[in-house]
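# Summary of the model geometry
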Amino acid sequence: MIYLDYSATTPVDPRVVDAMTPYFSDSFGNPSSVHRYGQVAEAAIDSARETVASILHCRPDEIIFTSCGSESDNLALRGAAYAVRAKTGAKWILAARVEHPAVTRTLLHLEKYDGFLIKWLDVDEYGMVTPEAVSRAIGDGTALVSVMYANNEIGTINPIEEIAGICRAKDVLFHTDAVQAAAYLPVDVQALGVDLLSLGAHKFYGPKGVGALYVRKGTPLVAQLTGGGQEFSLRAGTQNVPYIVGFAEALRLTNKEREQRVTHVKPLRDQIIETVLETIPDSRLTGHLEARLPQHASFAFKDVDGNLLLTLLDAAGFACSSGSACKTGNPEPSEVMNAIGLAREWGLGSLRVTLGIHTTTMDVDSFLNVLPGLVEKARKLTV
Ligand SMILES: Cc1ncc(COP(=O)(O)O)c(C=O)c1O
């Protein structure tokens, strides 16, 4: 089986496992305990927080560890929305149409149950949120803007620095979901100019079930998980020490090895994009050609059932993914396919191929050998 779905998740780096292991059974203390067991656990968390802060170029007390990227998004959006409304009465939240459900569904919830008003920002044909779109939509009643750093489905990278600048000039908080971006792009919060930034470890060779939220000092935020005073009283619950240690080690390695990882995956990705567009009739790239994640190739094939294609690929030994909204029954094109303006007969036939540090030239060659035949087969079987 050849794994080409690194944007879904990545295997945990053995070096990360090594860093985590002592904190399961040997140094198992509760970081809130006063005694030495607690001190050892607390020191591990402090050190992890410092590592993350040094990579993000922020202060350690601006990092809140969470249970996943989704929780980071929830804390950022709900926490800031409630806090800003309480302070200023602002109720509008702006977000891109193509955000991950961790953002879109959270905002729909805020709209349905909490009286917030959501303005969905349109994207261009590449799935990019333009600074102009933000400028047009932002206004006096805007509480918060959320635009993802890089898109999970189509890999497009947004102009975060410019969007952050627009928000700052209007004195509006800006959150970015960097869950996909962090594996390959720098996450320097000063250079990006963001107030809130979400991360999840399992996208960069860390464990599943741990994330982090950067919260710029002074950003108003209401805790969403209440209880003990952990994480500066912004996220209650005994910290998951081994996973937090794993998060920091995975991010440290990602930061250190970024260049070599990019150098490894980018030519392979380019080979996939070029070959697919050349050899498969009625195929197109989705997302931006240049402003895209270096490990990310995504396509739409006309008159192909994307889920059927995934099943055929799986049977042939390749793990990829698509963007259609349901696994069985009557699939619909994803929000992202609709937002970039693809007609239904294209939008249903999406394919995402994402590479990683273990992907080899041979993997890519064998994938490219079988894909054209499988697309043709899927097309014939698609009614
Ligand atoms: C852009 C983006 N945001 C948020 C998430 C959710 O992250 P997690 O799985 O850690 O909750 C994902 C996961 O695929 C993602 O791609």
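Residue positions are given per chain, counting from 1 as you read along its sequence in written order. Local features in this predicted model are restricted to residues whose pLDDT is 70 or higher, and side-chain atom pairs enter the listing and the counts only when it is 80 or higher, whereas totals over whole chains, interfaces and linings include all residues.

## Focus: the sheet that holds strand β8 (residues 211-215)
Only strands that DSSP links by at least two bridges are regarded as paired with each other. Only runs of H or I of at least four residues qualify as helices and only runs of E of at least two qualify as strands under DSSP, and these elements are numbered from the N terminus. One open sheet accounts for seven strands, arranged β2-β8-β7-β6-β5-β3-β4; its pairing is mixed. Either end of the sheet is taken by a strand with one partner, and the two such strands are β2 (63-66) and β4 (117-121). With direction set aside, neighbouring strand axes in the sheet form an average angle of 20°. The pairing of strand β3 (residues 92-96) with strand β5 (residues 142-146) spans four bridges and is classified as parallel. The residue bridging I93 from the neighbouring strand is L144, located in β5. Think of each axis as a best-fit line through the C-alpha atoms, taken over the contacting stretch in the case of a helix, with angles from 0 to 180 degrees between the N-to-C directions.

## Let's talk about the nonpolar core
Working definition: the nonpolar core is a set of buried Ala, Val, Leu, Ile, Met, Phe, Trp, Tyr and Cys residues, joined through C-beta atoms within 7 Å. Three exposure classes are used, based on other C-beta atoms lying within 10 Å of a residue's own C-beta, which is placed from the backbone: buried for 20 or more, exposed for 12 or fewer, and partly exposed in between. In this structure, I93, L144, Y214, I244 and F247 are the most contacted members of the largest nonpolar core, which totals 120 residues. Each domain span listed reflects an automatic or database assignment of domains. Residue contributions to this core reach at least three from each of two domains, namely domain 1 (14-256) and domain 2 (258-381). Note on contacts: each residue gets a C-beta atom placed from the backbone, and two residues are in contact if those atoms are within 7 Å. Those residues in contact with F247 that lie beyond four places of it in its chain are A48, F65, A201, G206, V210 and A212.

## Some thoughts on the domain arrangement of the protein chain
When its domains are assigned, the protein chain resolves into domain 1 (14-256) and domain 2 (258-381). One C-alpha centre belongs to domain 1, the other to domain 2, and the line joining them spans 28 Å. At the junction of the two partners, domain 1 supplies 18 residues and domain 2 supplies 21 residues. Residue polarity follows a fixed list, in which Ala, Val, Leu, Ile, Met, Phe, Trp, Tyr, Cys and Pro are nonpolar, Asp, Glu, Lys and Arg are charged, and the others, Gly among them, are polar. Residue classes in the side of domain 1 that touches domain 2 are distributed as eight nonpolar, seven polar and three charged.

## So, the site of the ligand
Near residues are defined by distance alone, with the backbone-placed C-beta atom required to lie within 6 Å of the molecule or strand. Taken together, 14 residues lie around the ligand, and C68, G69, S70, N152 and G200 are the ones closest in. Broken down by element, the residue count for the shell around the ligand peaks at three residues, all from helix α4 (residues 69-88). Taken together, the residues of the shell around the ligand sort by class into four nonpolar, eight polar and two charged.

## Thoughts on the packing of α4 against helix α5 (residues 101-114)
At a closest axis distance of 9 Å, the pairing of α4 and α5 adopts a crossing angle of 35°. In the crossing of α4 with α5, the sense of the turn from one axis to the other is right-handed. For the pair α4 and α5, the contacting residues are G69, S70, D73, N74, L77, R78 and A81 in the first and A102, V103, T106, L107 and L110 in the second. When its residues are assigned to classes, the contact of α4 with α5 shows six nonpolar, four polar and two charged. The crossing is said to be left-handed when, going from far helix to near helix, the turn is anticlockwise and less than a right angle, and right-handed when the turn is clockwise.

## Remarks on the packing of helix α11 (residues 258-279) against helix α15 (residues 361-381)
Here α11 crosses α15 at 15°, and the two axes come no closer than 11 Å. Of the possible angle classes, the one that applies to α11 and α15 is roughly parallel. With respect to the hand of their crossing, α11 and α15 are arranged in right-handed fashion. In this structure, α11 uses L268, Q271, I272, T275, V276 and T279 to contact α15, whose residues at the interface are T361, V364, L368, L371 and P372. In what follows, roughly perpendicular refers to angles from 65 to 115 degrees, roughly parallel to angles under 35, roughly antiparallel to angles over 145, and oblique to any angle outside these ranges.

## Regarding helix α12 (residues 306-315)
The set of residues buried in α12 consists of G306, L309, L310 and L313. Relative to the axis of α12, the buried residues are bounded by an arc of 100° and lie together on one face. The positive-phi residue at the C-terminal boundary of α12 is G317, with phi of around 100°. When we speak of the arc, we mean the arc of directions from the helix axis to the C-beta atoms.

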